[in-house]
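What follows is each chain in one-letter form.
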Amino acid sequence: IVTMPMAARRAIVQAVESAGLEVMRLHLSLNVIAAAVSGAFPQTHRQLVVDIGGVSADAGLFVNGQLWNTRTLPWGGLTLALEIARTLSATVEQAVTMSLQGLSSPKPEIRQLLERELRVLQQAIGELLADEPRPEIALVTGRGALIDGVVEWLERFTKIKAVLARSPRVQASGDMARQLALTPVIGLLELATRQAPRATFTQPARFVDRLVNRTRL
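Here's what I pulled together on the structure shown here. Bear in mind the structure is a predicted one, so any value in this text is a computation, not a measurement. (Residues numbered from 1 in each chain as written. Predicted model: local features only at pLDDT ≥ 70, side-chain atom pairs only at ≥ 80, totals over all residues. Heavy atoms only, no water.)

### Some details on the overall build of the chain
If you tally the helices and strands in the chain, you get 8 helices and 5 strands. Counting from the amino terminus, helix and strand elements in the chain follow one another as α-α-β-β-β-α-α-α-β-α-β-α-α. For the chain, the share of sequence-separated contacts (at least 6 apart) that also reach a separation of at least 24 residues comes to 59%. For the chain, the accessible area works out to roughly 12,400 Å², and carbon and sulfur atoms hold 53% of it. (Helix = DSSP H or I, 4+ residues; strand = E, 2+ residues; numbered from the N terminus. Contact = heavy atoms within 4.5 Å. Areas by Shrake-Rupley, 256 points an atom, 1.4 Å probe, with all protein chains shown as cover.)

Written out as structure tokens, the structure is:
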């Protein structure tokens, strides 16, 4: 059973309804990511999906395409940047740029901050995979996946082949940050077109094309 505070759920629904839309369903972010990248990699029995967003990180174990177990941490790329800004007395914009240097940063303070957070993520993933057969692949996505060295760190730690995951629909749409930002949106469209009546989305490919090629981020 996956829960969320009722106040947060209400706020999300009210925000959508205030835009004149109706909420059909809420999706767990890991399911959205899995839907977005399906078909981009060889079919595997077990997958580890790690989504490092701006303020949280989610790790999930998928078995035959179904989410089997999950862990969530209150840490992400933005929280790392804010901690760097505080520690080094830098602006947030400067800290965001410095955070992407990751484990290759020339500043030991940045490497130490990232290593501290990665130890917490390592513990969570260790608990997630405890007493489980090892997944065949690890898919890493989200803003934090752009932090230098994070994907390689995950592969060394888990001894599972790790790759930067984004939807194949966006891989020709520009820089990597844009691809990663659009991937969960593509996943939501994929889930919507799978579950909605056929007549509701007569041209899903057209929606995706407009999103990828005509949306500014």
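### Section: the side chain of glutamine 179
Along the chain, glutamine 179 falls in helix H7 (residues 176-195). Of the residues examined, glutamine 179 reaches a relative accessible area of 4% and is grouped as buried. Polar contacts involving the side chain of glutamine 179 include one to the side chain of arginine 166, which spans 2.8 Å. Apart from the residues lying within four places of it in its own chain, the contact partners of glutamine 179 are Arg166, Val170, Gln171, Ser173 and Gly174. (Buried < 20%, exposed > 50% of the residue type's maximum accessible area, 1.4 Å probe, protein only. Polar contact = N/O pair within 3.5 Å; in protein donor to acceptor, adjacent residues only side chain to side chain.)

### What about the nonpolar core?
Grouped together as the largest cluster of nonpolar side chains are 36 residues, with contacts concentrated most on Trp75, Leu121, Ile125 and Leu154. Counting residues per element, the ones that place at least two in this core are strand E1 (46-52), strand E2 (57-63), helix H3 (77-88), helix H4 (92-99), helix H5 (108-129), strand E4 (137-141) and helix H6 (150-158). Every residue in contact with leucine 121, bar those within four places of it in the chain, is listed here: Ile52, Leu73, Trp75 and Trp153. Counting residues in hydrophobic clusters, the runner-up holds 10 residues, among them Val37, Val49, Phe62 and Ile137. (Core = buried A, V, L, I, M, F, W, Y, C linked by side-chain atoms within 4.5 Å.)

### Some details on the pattern of salt bridges
Inspection of every chain in the model, using the stated rule, returns 4 salt bridges. For arginine 71, the salt bridge identified is with glutamate 127, shortest N-O distance 3.6 Å. Of the two residues, arginine 71 is situated in strand E3 (residues 66-73) and glutamate 127 in helix H5; the sequence distance between them amounts to 56 residues. Given a relative accessible area of 40%, glutamate 127 falls into the partly exposed group. Note that glutamate 117 and arginine 116 form a salt bridge whose closest N and O atoms lie 3.3 Å from each other. Note on glutamate 117: relative accessible area 18%, which makes it buried. For arginine 116, a relative accessible area of 38% translates into the label partly exposed. (Salt bridge = Lys/Arg side-chain N within 4 Å of Asp/Glu carboxyl O.)

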